[in-house]
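Remarks on the overall topology
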Amino acid sequence: MNPGLLHELTKLLGEDSVLHKLEDLFLYEYDGSVERGLPDVVVFPTTTEHVSQCVKLAAKYEVPVVGRGAGTGLSGGALARTGGVMLVFARMNHILEIDSENQRAVVQPGVVNYELTRAAEPHGLYFAPDPSSWKSCTIGGNVAENAGGPHTLAYGVTTNHVTALELVLPDGEIVRVGSKHGDAPGYDLAGLFVGSECTLALVTEITVKLSRQPEAVKTLLAIFDFVDDAAESVVDITARAITPAACEMLDGWTLRTVEDYIHAGFPMDSAAVLLIEVEGLAEAVAAQAAAVNEVCSAHHAREVRVARDNAERELLWKGRKNAFGALGRLAPSNYVLDGVIPRSKLPQTLRRIHEIGTQFGFQIGNIFHAGDGNLHPIVLYDPRDTAQFERAMQASAEIIRYCLEVGGALTGEHGVGMEKSELMPLVFSDADFSLMRRVHDAFNPDCLLNPGKIFPLSKGCGEIRVRKPPVEAASRP
Amino acid sequence: MTAISMNFAARLESLIGPSRISNDAAACACYAVDEVLPTAVAKPTSAEEVAEIVRFAALEKLALVPCGNRTKLAIGMPPSQYDVALDMTALNQIPHYDPGDLTVSAEVGIPLAKLNSVLSEHKQFLPLLVPWYSRSTVGGTIASGIDSPLRQFYGTARDFLIGAEFVDGTGHLCKSGGRVVKNVTGYDLHKLLIGSLGTLAVITRLNFRTFPAPIAGSRGFVASFPNAEGALALRRTIANSSLTPLTLDIVSPELAQIFATRTPATPEATTVFAGENRAADQSFLQPIGDWFNPREWQLCAAFAGTTEVLDRYARELTLVAERSRATSTAILGDTTRPAVWGRLRESLSMLLEASPATVIFKISVLPSHHAALFTNLQHIAERATLPRALIARAGGTVYFALLPASVNEDTTARLSQSIAQIFDLAFAAGSYASLLFAPPALKERTSLRSQQLVAPASSRLPANSHAELIPGVAQMRRLKSAFDPQNIFVPGRFAGGI
């Protein structure tokens, strides 16, 4: 760590806003993924001006910079892959404005997703994107990764709800893009920056749309004896143009693990369940629930339950949203994949995932956003067993390749980050990389902002020095 | 025709074949943009041919203007250089359609109406009911960034465009996004193409998510008010209710008058929605019945769903309209709805047809500012004694037109003055005004050139600083260079002088 930079950062932000001891930095070495990256210094800015000054200082010392929200990301997006300064937005966590008439909110990047929905609730409004980590993840992180969640099936992902951003560019310049209304003149810069994984700019303020709470909600749990029947039900629900607000699948193995831990009411002896939510006018909800019931029954659902009240509904969702925590009880580590397939290809893909698991010797669980074809196969492994870890990674790559083969995508909502940067050539040509690189360089020419992300190392910022994690860190469970 | 131009037309012929290139004066005249003519017209039949042409143009520094059926080429500034018109209408196939996944991939030159007729076979559609509907290509709709009344429910193209293929300024075929509904792989470059007027790349293919066509059909609702306040109050009530109409627009009395007395020159497409039978090709919209009160403000909504849902909408909308003191309300069924909906969709084309020198602004403003904006716009038009009309989407976007009865020096001067005032007004309100359509003579006036059709601007600021007030304009210029390093795509037409 450059002592001059550390001194200047401390002078700017104060002692209590700068971490530089190894034991403190270790807390910021990981996120929700299997990746690691140790920063040299962690700082906690409280204003946009701070962020700009920090970025300028880093540029002066030619040290990389990465932004971080709550560190719940699943692709290594908020890790300091090549060391450097990590800006943690935890203290920029104010909701600056809720404009109920125009259904907009202005927030700082460190605001926790769920807190915004809570603040909007008295106005009959909410923030639609709801990642599983919504009680801890920040809106800044959601913007960087263009996060999704169960209810994005009907309401879209983060980008569909962002109308304006305040940004700090890698040279420290503060820029505003978009407008509170949304139709700003010129190119859709907000659309470009959302999901750019902090490789073009740091986000310091976000204007989002708020949605009106629906009049009626029905949550259904369809229980199946065969995974294929559940998958076919999803295909049919989509094809018959029923548009649920959410349509999630848990396979038998996953739901048993979850049930053991959370007691959400999932039947222990089933092969798969679909958690389906329909929302809107009472009349429309009744009709949609009936249609969902009809489709699931036609595909041999053993039972279709309707949550009787809000408490039961919340319990079912708790089972879904806390599933990854439950899986932690089974193995020291789990790898949550994120792939997308056309929804018409769901049954065959689930069969293929099962085959791949068998081939590589893993039980692979599935708990995912079935309604938009966004798969999250989970591979359990022990990181201390390097051979097993390698096999887990191979099995995962095989699944992702299959997703692409059937016309899908590399990542639906977790981002490319470090995790999938080397898989990007499966999707993009040299010409595609060349253009993306020129767009990257238009904002981040010296590659000091979040280096080593999105682009394969050979096609990104030329020679970048990826440091190996310290030995003791790599062997920690 | 100069020797050099003859030369490049001949060389283009050698690239894609003589039948695909024309430098005939009459042909070129059809592709004029604000009275600027190209020297040649190329009609490529594949993305590879487009790439060949772009590489040639980059080498020779020729300026290209890609176009579809040329219904919206008047949007933007006149090009500062224009050598070759790239007619994309021969790329008109549907290479991929997965009805079970509700995704479609369409070549850029296919007419929207044609694409929707294919989707309608599976009871699906693309919610882009834009002006010049029967003639507009998918590519022109995306590149012009034009919106549709359906944005109230379905959002704009940025909400359902899921991927694109395009040729960048170096002549390489690139892609972004994909063919699935959820995807965060790489930068969302395709979003930048929306409304880019062709300045970043030549689009060759667009991927969309499709939507189920309304199940049991749809209905329309119209409520009339003696003043804008009544319509705005009703809109607010609806916005705060559980109702989620597909469209929700306020139409000023002057536009209502145009609706009542005119028929759009663009013929209707045979299919708009699944299950809707239109009599014949080339039919025109039926006149609106005499129940439509042209002297009043109208709030127009559309809604869809099962019979129970339709009944609920009809009941509640009528009730809340009466409480808001509407002078009349009407529910539009299958016979009356197409005539009104078609006109709402064609608002911009009808406004352009209503005057020899129509000026249309797009003003992006928060809905809570509409009441003040309407009043101020009215004052500006009255001061200049210019006829006016507006349509306001519930989400905030307002289209405001000035409609002089004739063109002469005097009206041009008054228009010019009003335009400056509207830019100032938008700036003062913290919103953005873009001059969407204006006669070329007006666009050429220096004050406009410096503003590059976009406010926020203030006449108190030095002329050349106006463009700098567009949020992120410097970043837009960097993007333009990244996509089109030689500046060969439609130079000079876009915001900020791009």
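What you are looking at is a predicted structure, and each value in this text was computed from that prediction instead of being measured.

**Concerning the overall build of chain B**
Within chain B, the regular secondary structure consists of 18 helices and 19 strands. Expected size for 498 residues packed as a compact globule is a radius of gyration near 23 Å; at 23 Å, chain B falls within 12% of this value. On the principal axes, the C-alpha backbone points of chain B span a range of 70 × 55 × 40 Å. Residues classed as buried in chain B amount to 61% of the 498 residues present.

**Here we look at the overall build of chain A**
For chain A, the helix and strand inventory stands at 16 helices and 20 strands. Taking 23 Å as the expected radius of gyration for a compact globule of 477 residues, we find that chain A reaches 22 Å, a close match to that expectation. Dimensions of chain A, computed from C-alpha atoms along their principal axes, come out at roughly 70 × 55 × 45 Å. Within chain A, buried positions represent 58% of all 477 residues. In chain A, 71% of the contacts between residues at least 6 apart in sequence involve partners at least 24 apart.

**Quick look at the packing of helix α8 (residues 227-239) of chain A against helix α10 (residues 282-298) of chain A**
Residue and element names in this part refer to chain A. Two elements in contact, α8 and α10, have axes separated by 9 Å at closest approach and are oriented at 140°. In terms of axis orientation, α8 runs oblique to α10. Note on packing geometry: the crossing formed by α8 with α10 is right-handed. Residues Ser233, Asp236 and Ile237 of α8 lie in contact with α10, whose contacting residues are Val292, Val295 and Cys296. Along the lines of polarity and charge, the residues of the contact of α8 with α10 split into four nonpolar, one polar and one charged.

**Re the domain arrangement of chain A**
Residue and element names in this part refer to chain A. When the domains of chain A are assigned, the result is domain 1 (93-212), domain 2 (216-303) and domain 3 (331-405). Distance between the C-alpha centres of domain 2 and domain 3: 22 Å. Each partner contributes residues to the interface: domain 2 has 17 residues there, and domain 3 has 13 residues. Contributing elements (two or more residues each) for the side of domain 2 that touches domain 3: α8, β13 (246-251) and α9 (252-262). The greatest single-element share of the side of domain 2 that touches domain 3, amounting to seven residues, is contributed by α8. Within the side of domain 2 that touches domain 3, the residues separate by chemical class into eleven nonpolar, two polar and four charged.

**Some thoughts on α10 of chain A**
Three or four residues apart is the spacing at which side chains of an α-helix point the same way, because the helix has 3.6 residues per turn. The terminal C-alpha atoms of α10 of chain A lie 24 Å apart, and with 17 residues this matches the ideal 24 Å at 1.5 Å per residue to within 8%. What α10 of chain A keeps buried is the set Ala284, Val285, Ala287, Gln288, Ala289, Val292, Val295 and Cys296 of chain A. If you follow the buried residues of α10 of chain A, they end up packed against β12 (216-224), α8, β14 (272-280) and β15 (303-306) of chain A together with α11 (307-323) of chain B. At the exit of α10 of chain A stands His300 of chain A, carrying a positive phi of roughly 65°.

**A closer look at α11 of chain B**
Between its first and last C-alpha, α11 of chain B extends 24 Å over 17 residues, near the 24 Å set by a 1.5 Å rise per residue. Along α11 of chain B, the residues that are buried comprise Val309, Leu310, Tyr313, Leu317 and Ala321 of chain B. Taken around the axis of α11 of chain B, the buried residues stretch over an arc of 95°, which confines them to a single face. In this structure, α11 of chain B carries Thr307, Arg315, Leu319 and Arg323 of chain B as exposed residues pointing more than 90 degrees from its buried face. On the buried face of α11 of chain B, the contacting elements are α10 of chain A together with β12 (218-225), α9 (228-239), β14 (297-304) and β15 (328-332) of chain B.

**A closer look at the environment of Ser241 of chain B**
Within the fold, Ser241 of chain B resides in the loop between α9 and β13 (247-251). Placed 169 residues apart in sequence, Ser241 of chain B and Lys72 of chain B show a C-alpha to C-alpha distance of 36 Å.

**Observations concerning the interface of chain B and chain A**
Tallying the contact residues gives 62 residues for chain B and 69 residues for chain A. Looking at the side of chain B that touches chain A, the elements that each hand over two or more residues are α7 (157-160), β9 (173-177), α8 (189-193), α11, β19 (432-437) and α18 (473-483) of chain B. A total of seven residues in the side of chain B that touches chain A trace back to one element, the largest contributor, which is α18 of chain B. For the side of chain B that touches chain A, the per-class residue count stands at 25 nonpolar, 23 polar and 14 charged.

**Here we look at the sheet that holds strand β16 (residues 359-364) of chain B**
Residues and elements named next belong to chain B. Taking strand neighbours across the sheet as the criterion, the eight strands line up as β15-β12-β14-β13-β17-β18-β16-β19 in an open arrangement whose pairing is antiparallel. The open sheet has two free edges, formed respectively by β15 and β19, since each of these has just one partner strand. Geometrically, the sheet is characterised by an average inter-axis angle of 20° between neighbouring strands, direction not taken into account. Sitting on the sheet, α11 is in contact with β12, β14 and β15, with an inclination near 5° to β12.

**Some details on the domain arrangement of chain B**
Residue and element names in this part refer to chain B. Looking at chain B, the domain boundaries give domain 1 (3-90 + 485-497), domain 2 (96-212), domain 3 (218-348) and domain 4 (355-460). With 15 residues of domain 3 at the interface, the matching set in domain 4 holds 13 residues. The set of elements that each furnish at least two residues to the side of domain 3 that touches domain 4 consists of α9, β13, α10 (253-261) and α13 (347-353). No other element matches the five residues that α9 contributes to the side of domain 3 that touches domain 4.

**Considering the packing of α8 of chain A against helix α13 (residues 346-360) of chain A**
Residues and elements named next belong to chain A. Contact geometry of α8 with α13 gives a least axis separation of 8 Å together with a crossing angle of 150°. Crossing hand, α8 versus α13: right-handed. Facing Val227, Asp228, Ala231, Glu232, Val234 and Val235 of α8, the residues of α13 in contact are Leu346, Pro347 and Leu350. Taken together, the residues that form the contact of α8 with α13 break down as seven nonpolar, no polar and two charged.

**Details of the environment of Asp40 of chain A**
Residues and elements named next belong to chain A. The topology assignment puts Asp40 in the loop between α2 (22-25) and β2 (41-43). Its 19 C-beta neighbours within 10 Å are what place Asp40 among the partly exposed residues. Sequence separation of Asp40 and Met1 is 39 residues, and the distance between their C-alpha atoms is 5.7 Å. Residues contacting Asp40, with those up to four places away along its chain left out, are Met1, Gly83, Gly84 and Val85.

**With respect to the confidence of the model for chain B**
All names here are of chain B. This prediction gives chain B a mean pLDDT of 90; 91% of its residues lie at or above 70. Confidence drops under a pLDDT of 50 for residues 449-453, and excluding neighbours within four residues, the segment shows 20 contacts in the predicted structure. Counting contacts from residues 455-466, a segment whose pLDDT is below 50, to residues more than four positions away or on other chains yields 24 contacts. With pTM at 0.95, the complex prediction returns an ipTM value of 0.95.

**Thoughts on the sheet that holds strand β5 (residues 95-99) of chain A**
Residue and element names in this part refer to chain A. Strands sit in the order β5-β6-β10-β8-β9 across an open sheet of five strands; the sheet is antiparallel. Each edge of the sheet is formed by a strand with only one pairing partner; in this case those strands are β5 and β9 (174-178). On average, each strand axis in the sheet is tilted by 10° relative to the strand beside it, whichever way the strands run. Bridge count for strand β8 (residues 162-168) against strand β10 (residues 202-209) is six bridges, and the pairing is antiparallel. Bridged to Leu165 within β10 is Ile206. Of the strands in this sheet, β5 and β6 (104-107) are in contact with helix α4 (residues 113-120), which crosses β5 at around 40°.

**As for the pairing of β13 of chain A**
Residue and element names in this part refer to chain A. With six of its six residues buried, β13 lies for the most part within the structure. Side chains Ala246, Glu248 and Leu250 of β13 all project onto a buried face; the interleaved residues Cys247, Met249 and Asp251 project onto the opposite face, where all are buried too. Inspection of the sheet shows β13 paired to β14 by six bridges, in the antiparallel sense. Residue Met249 lies in a different strand from β14, and its bridge partner there is Leu274. Looking at chain direction, β13 and strand β18 (residues 364-368) are connected through two bridges and run antiparallel.

Criteria and cut-off values
- Residues numbered from 1 in each chain as written.
- Chains lettered and ligands numbered in written order.
- Predicted model: local features only at pLDDT ≥ 70, side-chain atom pairs only at ≥ 80, totals over all residues.
- Helix = DSSP H or I, 4+ residues; strand = E, 2+ residues; numbered from the N terminus.
- Rg over C-alpha atoms; globule rule 2.2 N^0.38 Å.
- Buried ≥ 20, exposed ≤ 12 C-beta atoms within 10 Å, placed from the backbone.
- Contact = placed C-beta atoms within 7 Å.
- Axes fitted to C-alpha atoms, helices over the stretch in contact; angles between N-to-C directions.
- Parallel < 35°, antiparallel > 145°, perpendicular 65-115°, else oblique.
- Left-handed = near helix turned anticlockwise from the far one by under 90°.
- Nonpolar A, V, L, I, M, F, W, Y, C, P; charged D, E, K, R; others polar.
- Domains from an automatic or database assignment.
- Expected span 1.5 Å × (residues − 1).
- Arc of directions from axis to C-beta.
- Pairing = 2+ DSSP bridges.
- pLDDT = per-residue confidence, 0-100.

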